[in-house]
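# Fold and geometry: a report
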Amino acid sequence: MCIRDRSTWGIFFAVDTNDDGRISQREFLNSNLFDALMHVDREEDINKVRNYFSYEHFYVLYCKFWELDTDHDFLISKDDFSRYAGYTLSKKVLDRIFSQAPRKFRSKVEGKMSYEDFVWYLLCEEDKMTNRAIDYWFRVLDLDENGIVTGFELEYFYEEQKQRLEYLNHESVLYEDVLCQMSDIFKPEKEIMFRVEHFRRQRTLAPIFFNIFTNLNKFVAYEQRDPFMLKNEATEFPDYSDWDKFAQNEYSRLAMEEENPDNVKNCICVVSQS
């Protein structure tokens, strides 16, 4: 695996809006790809180019995959994948992802996720403000695939979140209260009928919605959030996306662990920059 693969998948993730493996002239002109190419041509330090070509971003993606791929066959099963971020995803969400509802796997092995599939997932997981991520998580929640997420579908996912909160002795929030809050934020035209465009219009708040119903750790973090810390983070890195912030924090963590030969060095030895 090399940085070239990650850069290619990152470009297609952001620019190939139809996810058909092709980039049209219109898609190219409407993207920031040309500017990124010019930037990387001028910049001596590749890590200063955060769009598509950052070695640090590639390193984080690869090591996150390596941590789950315990037998290192470059494929991960549902059981492997469930361990992501300390089992943060619910079983119902895992089932949806491995039923390939949000996106068809590119893996040639049935029931297994490839590195490319994982890269796509992680970019959607750690930055839920992009159109691509909004579409991905909307399809996870849209059980009948009719382009509308209803209260019944949301309750199906929230039921497991509530049970997990109670198991961990966290105070759970009533589903009715959550639904009321989300309706106030996104203001669906018809009561409790959410569409993709609601989240695209309010993309900075879309992660809150999706995390509540899919990601336990981020749901708890939202409930226990420190507004002053969030404000400081936004001030310190005003032009960083959620993905940029995640990758920066993870790269720092991995760098601190490099001295452990049983951990990150096993990842380092197979990483190529070619």
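For the structure, see preceding data.
Conventions used here
- Residues numbered from 1 in each chain as written.
- Predicted model: local features only at pLDDT ≥ 70, side-chain atom pairs only at ≥ 80, totals over all residues.
- Heavy atoms only, no water.
- Axes fitted to C-alpha atoms, helices over the stretch in contact; angles between N-to-C directions.
- Helix = DSSP H or I, 4+ residues; strand = E, 2+ residues; numbered from the N terminus.
- Parallel < 35°, antiparallel > 145°, perpendicular 65-115°, else oblique.
- Left-handed = near helix turned anticlockwise from the far one by under 90°.
- Contact = heavy atoms within 4.5 Å.
- Nonpolar A, V, L, I, M, F, W, Y, C, P; charged D, E, K, R; others polar.
- Buried < 20%, exposed > 50% of the residue type's maximum accessible area, 1.4 Å probe, protein only.
- Phe/Tyr/Trp six-rings, centres within 6.5 Å; stacked < 30°, edge-to-face > 60°.
- Lys NZ or Arg CZ within 6 Å of the ring centre and 35° of its normal.

## Quick look at the packing of helix 9 (residues 151-167) against helix 10 (residues 175-186)
- Relative to each other, helix 9 and helix 10 sit at 130°, their axes nearing to 11 Å. Viewed along their axes, helix 9 and helix 10 adopt a mutual orientation that is oblique. The two elements helix 9 and helix 10 cross, and the hand of that crossing is right-handed. Residues G151, L154, E155 and Y158 of helix 9 lie in contact with helix 10, whose contacting residues are Y175, V178 and L179.
- Here the residues of the contact of helix 9 with helix 10 are counted per class, giving five nonpolar, one polar and one charged.

## So, helix 6 (residues 91-98)
- Burial analysis of helix 6 places six of its eight residues in the buried class, the great majority of the element.
- When helix 6 is considered as a whole, its buried residues turn out to be K92, V93, L94, R96, I97 and F98.
- A positive backbone phi angle near 65° is found at Q100, which sits one or two residues after helix 6.

## Quick word on the packing of aromatic side chains
- For the coordinates displayed, the defined rule picks out 33 aromatic pairs.
- For the ring pair Y158 and F213, a centre distance of 6.1 Å and an interplane angle of 70° mean the geometry is edge-to-face. Note that Y158 is positioned in helix 9 and F213 in helix 12 (residues 206-214), a separation of 55 residues in sequence. Both residues of the pair, Y158 and F213, count as buried.
- Its guanidinium or amino end placed over the ring of Y240, R50 lies 4.1 Å from that ring's centre, counting from NZ or CZ.
- In this structure, R132 packs its charged tip against the face of F13, placed 6.0 Å from the ring centre.

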